[in-house]
Amino acid sequence: MKTPAIFLFILGCFFAPLTAHAQDTTDLLPEWTFTNGIEGPATDKAGNLYAVNYAKEGTIGIVRPDGSHDCFVTLPEGSTGNGIRFDREGNMLVADYTGHNILKVDMNTREVSVYAHEPKMNQPNDIALAPNGNLYASDPDWPNGKGQLWLITPDRKVTLLGSNLGTTNGIDVSPDGKKLYVNESAQLKVWVYDIQPDGTLRNKKLFHTFEGYGMDGIRCDVKGNLYLCRYDKGTVAVINPKGKLIREIRLKGKKPSNITFGGADNRRCFVTLQDRGCFETFVAEYPGRE
């Protein structure tokens, strides 16, 4: 493990300029601590960082604020994690794309249970939590270039919100809980929906379109800016609430799969790199919304 990188993780002392360079990101952990399936980064209230596929597929790894890291949990046979979020009670929710589940991990006992199961899911991919506890899941059908969107309410009812969409992937909720952002990786489009009181969606609008490369995970900061992973381009694009690209942070790796916020002030961004099997970090202007 690299202790200096951990100190940077804790202290966070620089801000990414309008166009950042590779040296403006810092490595966290040696390359290939995780597999090339590293995804779904999330931080808990204690400052621990998690991601899927630590050392081997089907696991979830933990990186503690003191720099120590190991396998936190091994998922049941047949399950492979992707997106991770923490609910209001502190439980870890995990998109299990091979098992067509949303899994729940009890953080005290590390017991893994099925939070929601829907056989009609292609492969639940990324997930996002609204302030009221509603969970949204993207569900791409990669071979056919299509996707779906799902709503899982706190009573664990699963509702299909949209089908015959593009390859739905990165997903997040605005800080006020009123909008849902979803990107379509193959179509290079980011969409925004209005969230209704019952959790359903309406008023779908095109938010931003890219050219070339791919897209993966997204996160919002407290001001409503979107941090979006540009897969194969090796950057994190920052889009303001009006849909304008305002910044692009260049990474060392080319295949960023997802991003989360953490650190002492929740301004340090942790990006999972599938072509490096580790994290790159930088400091954002504003804290993450969660």
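Residues numbered from 1 in each chain as written. Predicted model: local features only at pLDDT ≥ 70, side-chain atom pairs only at ≥ 80, totals over all residues. Heavy atoms only, no water.

Looking at an unreviewed UniProt entry, the protein carries the name SMP-30/Gluconolactonase/LRE-like region domain-containing protein, with the source organism given as Parabacteroides gordonii MS-1 = DSM 23371.

K.L.:
An account of the sheet that holds strand 2 (residues 34-43) is needed here, citing residue identities and associated values.
P.N.:
Note on sheets: strands pair through backbone hydrogen bonds, and any given pair is parallel or antiparallel. The strand order 2-3-4-5 describes an open sheet built from 4 strands, whose pairing is antiparallel. Two strands close off the open sheet at either side, each with one partner strand: strand 2 and strand 5 (69-74). Averaged over all neighbouring strand pairs, the angle between strand axes comes to 30°, with direction disregarded. Here strand 4 (residues 59-63) runs beside strand 5; their pairing, made up of 5 bridges, is antiparallel. Across the sheet, Thr59 pairs through a bridge with Thr74, a residue of strand 5. (Pairing = 2+ DSSP bridges. Helix = DSSP H or I, 4+ residues; strand = E, 2+ residues; numbered from the N terminus. Axes fitted to C-alpha atoms, helices over the stretch in contact; angles between N-to-C directions.)

K.L.:
Lay out the UniProt feature "active site" (unreviewed entry) in the protein with the relevant residues and their values.
P.N.:
Under the UniProt annotation, "active site" (unreviewed entry) lies at Asp216. Relative to the helices and strands, Asp216 is located in the loop between strand 17 (201-209) and strand 18 (218-220). Taking the relative accessible area as the measure of exposure, Asp216 reaches 8% and is therefore buried. The contact partners of Asp216, leaving out residues within four places of it in the chain, are Glu39, Asp126, Asn169, Gly170, Asn183, Cys229, Tyr231, Pro256 and Ser257. Of note is the side chain of Asp216, whose polar atom sits 3.5 Å from the side chain of Asn169. (UniProt positions renumbered as here; feature names shortened; annotations may be inferred. Buried < 20%, exposed > 50% of the residue type's maximum accessible area, 1.4 Å probe, protein only. Contact = heavy atoms within 4.5 Å. Polar contact = N/O pair within 3.5 Å; in protein donor to acceptor, adjacent residues only side chain to side chain.)

K.L.:
Which residues make up the UniProt feature "binding site: a divalent metal cation" (unreviewed entry) in the protein, and what are the values?
P.N.:
The positions UniProt marks with the feature "binding site: a divalent metal cation" (unreviewed entry) are Asn169 and Asp216. In terms of the greatest pairwise C-alpha distance, the residues named above, spread along 48 residues, form a tight cluster of at most 6.1 Å across. Of note, Asn169 is situated in strand 14 (residues 168-173). Judged by relative accessible area, Asn169 falls into the buried class, the value being 2%. Beyond its immediate stretch of four places on either side in the chain, Asn169 contacts Asn125, Asp126, Ser138, Trp142, Asn183, Ser185, Met215 and Asp216. At 2.5 Å, the side chain of Asn169 and the side chain of Asn125 are in polar contact.

K.L.:
Describe the packing of aromatic side chains, with residues and values.
P.N.:
In total, this model carries 6 aromatic pairs according to the counting rule given. Summarising the aromatic geometry, the rings of Tyr50 and Phe72 are spaced 5.3 Å apart at their centres and angled 75° between planes, so their arrangement reads as edge-to-face. You can see Tyr50 sitting in strand 3 (residues 49-54) and its partner Phe72 sitting in strand 5, a full 22 residues away along the chain. Classification of Tyr50 by relative accessible area gives buried; the value is 2%. Looking at Phe72, the relative accessible area reads 6%, which means it is buried. Taken together, a centroid distance of 5.2 Å and an interplanar angle of 80° make the contact between Tyr227 and Phe261 edge-to-face. Placement of Tyr227 in strand 19 (residues 226-230) and of Phe261 in strand 22 (residues 256-262) is noted, with a sequence separation of 34 residues between them. (Phe/Tyr/Trp six-rings, centres within 6.5 Å; stacked < 30°, edge-to-face > 60°.)

K.L.:
Tell me about the pattern of salt bridges, and name the residues and values.
P.N.:
As enumerated under the stated definition, the model contains 12 salt bridges in all. The partner of Arg85 in a salt bridge is Asp172, with the nearest N and O atoms 3.3 Å apart. With Arg85 in strand 6 (residues 81-86) and Asp172 in strand 14, this residue pair connects regions lying 87 residues apart in the sequence. Exposure remark for Arg85: the relative accessible area of 2% places this residue in the buried category. Each of Asp27, Glu31, Lys252, Arg276 and Glu280 takes part in a single network of salt bridges with overlapping partners. (Salt bridge = Lys/Arg side-chain N within 4 Å of Asp/Glu carboxyl O.)

K.L.:
Explain the pairing of strand 2 to me, using residue names and the numbers behind them.
P.N.:
The element strand 2 is largely enclosed, with a buried count of 8 among its 10 residues. In this structure, strand 2 lies alongside strand 3, joined through 4 bridges in antiparallel fashion. Looking at the pairing, Thr43 lines up with Leu49 of strand 3. Following strand 2, the chain reverses through 5 residues before pairing antiparallel with strand 3; Gly47 in that reversal takes a positive phi of roughly 90°.

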